[in-house]
Amino acid sequence: MERILDPAIDPAPLAGKRVAIVGYGNQGRAQALNLRDSGIDVVVGLREGSPSFARAVDDGLAAASRRVAVDGADAVFLLLPDEAMSAAYGAIEPYLRRGATLGFAHGLAIRFGLVAPRADLDVIMVAPKGPGTALRSLYLDGKGMLALFAVAQDASGGARDTALAYGRALGCGRAGMVETSFAEECEADLFNEQAVVWGAVPDLLIAGFDTLVEGGVAPEIAYMECVGELKLLAELVEARGIAGMREAISNTAELGAVLGGPKIVDESVRQRMRDILAEVRSGRFAAELEAEKADDYPLLRRARARARSLGVEAARVSIGD
Ligand SMILES: NC(=O)c1ccc[n+]([C@@H]2O[C@H](COP(=O)([O-])OP(=O)(O)OC[C@H]3O[C@@H](n4cnc5c(N)ncnc54)[C@H](OP(=O)(O)O)[C@@H]3O)[C@@H](O)[C@H]2O)c1
């Protein structure tokens, strides 16, 4: 898979252009600041009464209502929660100039039809592979964050070049731009969030902790083993890959891993992973996300309260982690 780097990216498609960033949160702030520091004319668009208005102005950026910000802009990036995209696009569509570029940092809104862009627009995605804070700090350090990019609609014939120029202005071309589709990015991202890193792994840590505590191990020791060592694993996998990680640990740990891993991640787990991928592709999760927002996030509120009350959290506090 090709990583497209700065020397192969023409910045011209955004030269002298005006970019409106709608939303000033995790991605919005970092992207607006990186674009500004790359010489792009940026304006931040915010909803009425937004608490982020003062922050954007303090950061030295032009800020306005969403309507004023997008009016006449050459490119408009929607950088707000995915479940808010549909209403936000509805509010700005009448003010988008003909032939403008509409941009996203995640494929969900287009993949699952939350937004149906006007036919005259270019529709692109530039999805940095990490949080805005890291996107900004890497940029300031002269480095960059890997990003995926895609084109969903190419009314002008230049959408792909605009996406690359945008990624370059974010600093992502320093690390590499990797081409994908909205569907591939979205489905892989949602799958991982649910079935691997952000869904299954934390539940595995909690189950391991609970098992040791039920078996008579002190909660602090159980925490150090089952949760505390995750950072070591992540660092080794990032530096050396999964095979290299196995070679870097003791024979005792390696044999335990080889014998124990497949007992936990057996065929039934793999089948449930396939089920989750099918569910993601069916659009069921995207519908649940919108319903969750419509009801003011009842499941998320309950889950956050429950997570705070677990024994694993008390153990973390107890050892001052
Ligand atoms: N977070 C990440 O690490 C990450 C990484 C890659 C891609 N992405 C993608 O980037 C996009 C933005 O995510 P994010 O995490 O940056 O979002 P976020 O931080 O939650 O976005 C906050 C911003 O969105 C505005 N906002 C919130 N609800 C709104 C609503 N109902 N209507 C209009 N504006 C609303 C907020 O307005 P106020 O200022 O008025 O409160 C704020 O400016 C998403 O598509 C996400 O999937 C995120």
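Reading the values: rules and limits
- Residues numbered from 1 in each chain as written.
- Predicted model: local features only at pLDDT ≥ 70, side-chain atom pairs only at ≥ 80, totals over all residues.
- Heavy atoms only, no water.
- Helix = DSSP H or I, 4+ residues; strand = E, 2+ residues; numbered from the N terminus.
- Buried < 20%, exposed > 50% of the residue type's maximum accessible area, 1.4 Å probe, protein only.
- Areas by Shrake-Rupley, 256 points an atom, 1.4 Å probe, with all protein chains shown as cover.
- Lys, Arg positive; Asp, Glu negative; His and termini not counted.
- Charge placed at Lys NZ, Arg CZ, Asp CG, Glu CD.
- Expected span 1.5 Å × (residues − 1).
- Near = heavy atom within 4 Å.
- Polar contact = N/O pair within 3.5 Å; in protein donor to acceptor, adjacent residues only side chain to side chain.
- Nonpolar A, V, L, I, M, F, W, Y, C, P; charged D, E, K, R; others polar.
- Arc of directions from axis to C-beta.
- Contact = heavy atoms within 4.5 Å.
- Phe/Tyr/Trp six-rings, centres within 6.5 Å; stacked < 30°, edge-to-face > 60°.
- Lys NZ or Arg CZ within 6 Å of the ring centre and 35° of its normal.
- Pairing = 2+ DSSP bridges.
- Right-handed = clockwise from strand over helix to strand, strands pointing away.
- Domains from an automatic or database assignment.
- Buried area = accessible area lost by both parts, 1.4 Å probe.
- Salt bridge = Lys/Arg side-chain N within 4 Å of Asp/Glu carboxyl O.
- Axes fitted to C-alpha atoms, helices over the stretch in contact; angles between N-to-C directions.

Enquirer: Looking at this structure, how should I read the overall build of the protein chain?
Expert: The number of helices and strands found in the protein chain is 16 helices and 8 strands. With the principal axes as the frame, the protein chain shows a C-alpha extent of 65 × 45 × 40 Å. Counting over 321 residues, the protein chain shows a buried share of 39%. Element-wise, carbon and sulfur atoms account for 55% of the exposed surface of the protein chain, whose accessible area totals about 16900 Å². Seen as two clouds, the 35 positive and the 45 negative side-chain charges of the protein chain have centres 3 Å apart.

Enquirer: What should I look at first to understand helix α15 (residues 298-309) in this one?
Expert: The α-helix advances 3.6 residues per turn, and as a result positions three or four apart in sequence lie on the same side. Between its first and last C-alpha, α15 extends 17 Å over 12 residues, near the 16 Å set by a 1.5 Å rise per residue. In terms of residue burial, α15 counts as a barely covered element, since only 0 of its 12 residues are buried.

Enquirer: Is there a simple way to think about the site of the ligand in this case?
Expert: Inspection of the region around the ligand gives 23 residues, with Y24, Q27, S50, S52 and D82 positioned closest. Interatomic distance of 2.8 Å between a side-chain N/O atom of S50 and an oxygen atom of the ligand. Within the side chain of D82, a nitrogen or oxygen atom sits 2.6 Å from an oxygen atom of the ligand. Residues belonging to the shell around the ligand are distributed by class as follows: 11 nonpolar, 8 polar and 4 charged.

Enquirer: Would you mind showing me how to read helix α4 (residues 85-92) here?
Expert: Within α4 the residues assigned to the buried category are M85, A88, Y89 and I92. Taken around the axis of α4, the buried residues stretch over an arc of 100 degrees, which confines them to a single face. Elements that come into contact with the buried residues of α4 comprise α3 (66-70), β4 (75-78), β5 (101-104) and α5 (108-111).

Enquirer: Could you clarify how one ought to interpret the packing of aromatic side chains in this entry?
Expert: Two measures describe an aromatic ring pair: the distance that separates the ring centres and the angle between the ring planes. Tallying each qualifying case throughout the model produces 2 aromatic pairs. Ring geometry for F77 against Y166: centres 3.7 Å apart, planes inclined by 5 degrees, an arrangement best described as stacked. Separated by 89 residues along the polypeptide, F77 in strand β4 and Y166 in helix α7 (residues 159-170) bring together distant segments of the chain. Looking at Y166, the relative accessible area reads 1%, which means it is buried. Ring geometry for F104 against F182: centres 6.3 Å apart, planes inclined by 80 degrees, an arrangement best described as edge-to-face. Remark: F182 occurs in helix α8 (residues 182-195) and F104 occurs in strand β5; sequence separation between them is 78 residues. One residue, R174, lies across the ring of Y139, its end atom 4.5 Å from the ring centre.

Enquirer: I'm lost on the pairing of strand β1 (residues 18-22) in this one. Help?
Expert: Side chains on a regular strand alternate between the two faces of the sheet. In terms of burial, β1 is a largely internal element, 4 of the 5 residues being buried. Where β1 lies against strand β2 (residues 41-46), 5 bridges are found, and the strand directions are parallel. Bridging across to β2, R18 finds its partner in D41. With helix α1 (residues 26-37) bridging β1 and its parallel neighbour β2, the resulting β-α-β unit is right-handed. Judged from the 4 bridges that link them, β1 and β4 form a sheet pairing that is parallel. Looking at the pairing, I21 lines up with F77 of β4.

Enquirer: I'm lost on the domain arrangement of the protein chain in this one. Help?
Expert: It is common to report an interface's size as the accessible area lost on association of the parts. Here the protein chain is partitioned into domain 1 (6-180) and domain 2 (191-318). Summarising the inter-unit geometry, the C-alpha centres of domain 1 and domain 2 are found 32 Å apart. With 8 residues of domain 1 in contact, the opposing surface of domain 2 contributes 8 residues. Both faces considered, domain 1 and domain 2 share a buried interface measuring about 690 Å² in area, 69% of it formed by carbon and sulfur atoms. Applying the counting criterion to the domain 1 and domain 2 interface returns 0 salt bridges. Split by residue class, the side of domain 1 that touches domain 2 holds 4 nonpolar, 1 polar and 3 charged.

Enquirer: Would you take a moment to explain the sheet that holds strand β7 (residues 147-153) for this structure?
Expert: Pairing between sheet strands relies on hydrogen bonds along the backbone, with the strands arranged either parallel or antiparallel. In space, the 8 strands of this open sheet follow the order β3-β2-β1-β4-β5-β6-β7-β8, with mixed pairing throughout. Whereas interior strands pair on both sides, the edge strands pair on one side only; in this sheet they are β3 (62-65) and β8 (177-179). Across this sheet, the average inter-strand angle for adjacent strands is 25 degrees, counted without regard to direction. Summarising the sheet, strand β6 (residues 122-128) and β7 pair through 6 bridges and their orientation is antiparallel. Bridge pairing in β7 links P128 to A147. In this fold α7 packs onto β1, β4, β5, β6, β7 and β8, with an angle of close to 30 degrees to the strand it touches most, β6.

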